[in-house]
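Here is how the chains run, residue by residue.
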Amino acid sequence: MKYNNVEFDTYFKNYPDKNGYFGKYGGSYVTPELARAMKEIAEAYETVCKSPDFIAELRRIRKEFQGRPTPVSYLKRLSASLGTGVHLYAKREDLNHTGAHKLNHCMGEALLAKYMGKKKVIAETGAGQHGVALATAAAYFGLECDIYMGSVDIKKQAPNVARMKVLGARVVEVTEGLATLKEAVDAAFAAYCREYKDAIYCIGSVVGPHPFPMMVRDFQSIVGIEAREQFIEMTGALPDAVVACVGGGSNSMGIFAGFLNDPVEIYGVEPLGRGEKMGDHAASLKYGEEGIMHGFNSIMLKDENGEPSPVYSVASGLDYPSSGPEHAFLHDIGRVKYDVVGDEETIDAFYTLSRMEGIIPAIESSHAVAYGIKLAKAMGKGSVLINLSGRGDKDMDYIIEKYGIR
Ligand SMILES: *Cc1c(COP(=O)(O)O)cnc(C)c1O
């Protein structure tokens, strides 16, 4: 299938190119020292992703440890309640071990670390979700795990800090600057530069320098591959639309990967937070412009000095001032449509799915649910597949405190 001069039959062979570009987006903008380390990772990945042993091992882990394949569920009561004849379905990444899609790429990254003979994995974390997933993978493989986290986030995310420690990870407190995610990224990169002979840096989404946007997409694409097969088996056809939330963009790239070459409408949902004013949302593709941050070229939200702007969303997993380069590319060619959903609609959707289907979604995933419902109302007929990236247990205390029981 050809779309705006991009051939999707051969898409995954050609995107990214060998330098990590999706059109003009992506690449690797790092110090010479880090460039060497990234090249080592890229070369190792090129080798293992063709290795039957590596592939067999990853398959076994997904099945026996993660509990894959995760099911696709028909959202029967929710669909009926719309009264439109549109059928809603959910791909259940909330049922993946640790309760979200993040383990899909963390297990891949940690298995790569093992193949490269590394002893340690290093990462930063904001809300702690990536830290917990990576600490889980490290425990499974017997790797050391250093998670860099701002002191402000350490205080806010006590349960995830406890989880990482129980899993045997070292949580390294970062006190510089505002002491949140950005400083944690800087500290983790610095640590990696010091330790790259023994360690590998594990990025938490389809962002960062090449090869991470490609590698994380490839590891996450199992979500889309499974979902496509399951959906056809259940309904005898493809869905008319696929919807996923976009923070850095990993769960969305995962499910989109299964449908890019199909006649399926694809929607990425960004967080509108409190509204359109800069600082009140994290809708980088909708309101951002081209720029380089954290080692890659993409579309990003900048402040008046050209620095990454402050962002906000009720979902801490979505408040990132950019998105992966592949999303910027798919946005520009129009293959994926990107739209926004704000906090209020998200919380409504959180309660709607909980009450109507007995599934408590993560606040991040609730953005996709809200959009899926809106889309279904507008469509009149057909089917919508929503990627339910994670479960909402982690969000319970916050929702009850801030919004109460509705
Ligand atoms: C981290 C997270 C996200 C956002 O990350 P992406 O890379 O955009 O997928 C979405 N949903 C859940 C449940 C998360 O934990």
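Residue numbers here run from 1 along each chain, matching the order of that chain's written sequence. Totals for whole chains, interfaces and linings use all residues, but because this is a predicted model, local features are given only for residues with pLDDT of at least 70 and pairs of side-chain atoms are given and counted only at 80 or more. Only hydrogens and water are set aside; all other atoms, that is, all heavy atoms of the structure, feed into the side-chain values.

With that settled, consider the environment of Arg 59. Secondary structure elements follow DSSP: runs of H or I no shorter than four residues count as helices, runs of E no shorter than two count as strands, and numbering proceeds from the N terminus. Its location among the elements puts Arg 59 in helix 3 (residues 52-66). A relative accessible area of 59% means that Arg 59 is categorised as exposed. A C-alpha to C-alpha distance of 9.9 Å links Arg 59 and Ile 222, two positions 163 residues apart in sequence. Whether a residue is buried, partly exposed or exposed follows from its accessible area with a 1.4 Å probe, protein chains only, as a fraction of its type maximum: under 20%, in between, or over 50%, in that order.

It is the rolling of a water-molecule-sized probe over the atoms that shows where space remains empty. Only protein atoms enter the calculation, which uses a 1 Å grid: trapped sets of points that fit a 1.4 Å probe without letting it out are cavities, open sets showing protein on both sides within 12 Å along at least five of seven lines are pockets, and any residue with an atom within 4 Å of a point is a lining residue. Grid points are joined across faces, edges and corners, and a volume is the space filled by probe spheres set on the points. If you add up the space inside the second largest pocket, you get close to 920 Å³. Secondary-structure elements contributing two or more residues to the lining of the second largest pocket are helix 1 (11-14), helix 2 (32-48), helix 3, helix 10 (212-220) and helix 11 (222-235). Gly counts as polar in this scheme, as do all residues outside two lists: the nonpolar Ala, Val, Leu, Ile, Met, Phe, Trp, Tyr, Cys and Pro, and the charged Asp, Glu, Lys and Arg. Looking at the lining of the second largest pocket, its residues break down into 15 nonpolar, four polar and 14 charged.

Boundary definitions for the domains trace back to an automatic or database domain assignment. For the chain, the assigned domains are domain 1 (19-62 + 102-213) and domain 2 (67-100 + 221-403). Here domain 1 and domain 2 have C-alpha centroids that lie 23 Å from each other. As used here, buried area is the combined drop in accessible area, with a 1.4 Å probe, of two parts when they are placed together. For the domain 1 and domain 2 pair, buried surface summed over both sides reaches about 2500 Å², with 63% attributable to carbon and sulfur atoms. A 3.5 Å cut-off defines polar contacts: any pair of N or O atoms within that distance qualifies, except that in protein one atom must be a possible hydrogen donor and the other a possible acceptor, and neighbouring residues in sequence count only when both atoms are side-chain atoms. Counting across the domain 1 and domain 2 interface gives 13 residue pairs in polar contact (both at pLDDT 80 or more). Elements with a contribution of two residues or more to the side of domain 1 that touches domain 2: strand 4 (25-26), helix 5 (102-115) and helix 6 (129-141). The biggest single contributor to the side of domain 1 that touches domain 2 is helix 5, with four residues. Tallied by class, residues from the side of domain 1 that touches domain 2 come to 11 nonpolar, 11 polar and three charged.

Right, let's get into the sheet that holds strand 6 (residues 86-92). Strands were regarded as paired on the criterion that DSSP finds at least two bridges between them. Sheet architecture is open: six strands sit in the order 5-6-16-11-12-15, paired in mixed fashion. Edge positions in the sheet fall to strand 5 (72-74) and strand 15 (336-342), since each of these pairs with one other strand and no more. For this sheet, the mean inter-axis angle between neighbouring strands, taken without regard to orientation, is 25 degrees. As judged from the three bridges shared by strand 5 and strand 6, these two strands associate in the antiparallel manner. When the sheet's bridge partners are listed, Tyr 74 is paired in strand 6 with Tyr 89. Note on geometry: axes are C-alpha line fits, over the in-contact stretch for helices, and angles between N-to-C directions span 0 to 180 degrees.

The next thing to look at is the pattern of salt bridges. The term salt bridge refers to a pairing of a side-chain nitrogen on Lys or Arg with a carboxyl oxygen on Asp or Glu at a separation within 4 Å. The final tally for this structure, using the stated rule, is 26 salt bridges. Ionic pairing is found between Lys 50 and Glu 46, a salt bridge with its closest N-O pair at 3.6 Å. With a relative accessible area of 60%, Lys 50 lands in the exposed category. Taking the relative accessible area as the measure of exposure, Glu 46 reaches 38% and is therefore partly exposed. Residue Asp 348 pairs with Arg 406 through a salt bridge whose shortest N-O separation is 2.8 Å. Residue Asp 348 is located in helix 15 (residues 343-357), and its partner Arg 406 is located in the segment after helix 17 (396-403); the two are separated by 58 residues in the primary sequence. Given a relative accessible area of 39%, Arg 406 falls into the partly exposed group. Each of Arg 68, Lys 91, Glu 93 and Glu 226 takes part in salt bridges that share partners, so that together they form one network.

Moving on to the environment of Val 341. Relative to the helices and strands, Val 341 resides in strand 15. Val 341 sits in the buried class, given a relative accessible area of 0%. Setting aside its immediate chain neighbours within four residues, Val 341 contacts Val 269, Glu 270, Pro 271, Leu 272, Gly 273, Thr 346, His 367, Ala 370, Tyr 371 and Lys 374. In what follows, a contact means two residues having at least one pair of non-hydrogen atoms within 4.5 Å.

Turning to the packing of helix 12 (residues 250-257) against helix 14 (residues 325-333), a few remarks are in order. One can describe the packing of helix 12 onto helix 14 by two numbers: an axis separation of 10 Å at closest approach and a directional angle of 55 degrees. Judged by the angle between their axes, helix 12 and helix 14 are oblique. When the axes of helix 12 and helix 14 are compared, the crossing they make is left-handed. Seen from helix 12, the contacting residues are Ser 252, Met 253 and Phe 256; seen from helix 14, they are Glu 326, His 327 and Leu 330. Taken together, the residues that form the contact of helix 12 with helix 14 break down as three nonpolar, two polar and one charged. Angular relationships are summarised with four words: roughly parallel below 35 degrees, roughly antiparallel beyond 145, roughly perpendicular across 65 to 115, and oblique for the angles in between. Crossings are assigned a handedness: left-handed for a near helix turned anticlockwise from the far helix by less than a right angle, right-handed for a clockwise turn.

Turning our eyes to something else, we now look at the site of the ligand. Nearness of a residue to a molecule or strand requires only that one of the residue's heavy atoms be within 4 Å of it. Around the ligand, the structure places 16 residues, and the nearest of them are Lys 102, Ser 205, Gly 249, Ser 250 and Ser 389. Take Ser 389: an N or O atom from its side chain is 2.7 Å from a nitrogen atom of the ligand. In these tables, accessible area is a Shrake-Rupley quantity obtained with a 1.4 Å probe, and a residue counts as shielded only by the protein chains included in the view. Within the complex, the protein chains bury 97% of what would otherwise be the 380 Å² of accessible surface of the ligand. Partitioning the shell around the ligand into residue classes produces four nonpolar, 10 polar and two charged.

This part is about the sheet that holds strand 8 (residues 144-150). For sheets, the rule is that strands pair by backbone hydrogen bonds, running either parallel or antiparallel. The four strands are arranged 9-8-7-10 in an open sheet whose pairing can be described as parallel. Both outer strands of the open sheet, strand 9 (170-174) and strand 10 (199-201), are each paired with one neighbouring strand and no more. On average, each strand axis in the sheet is tilted by 25 degrees relative to the strand beside it, whichever way the strands run. With five bridges joining them, strand 7 (residues 120-124) and strand 8 adopt parallel strand pairing.

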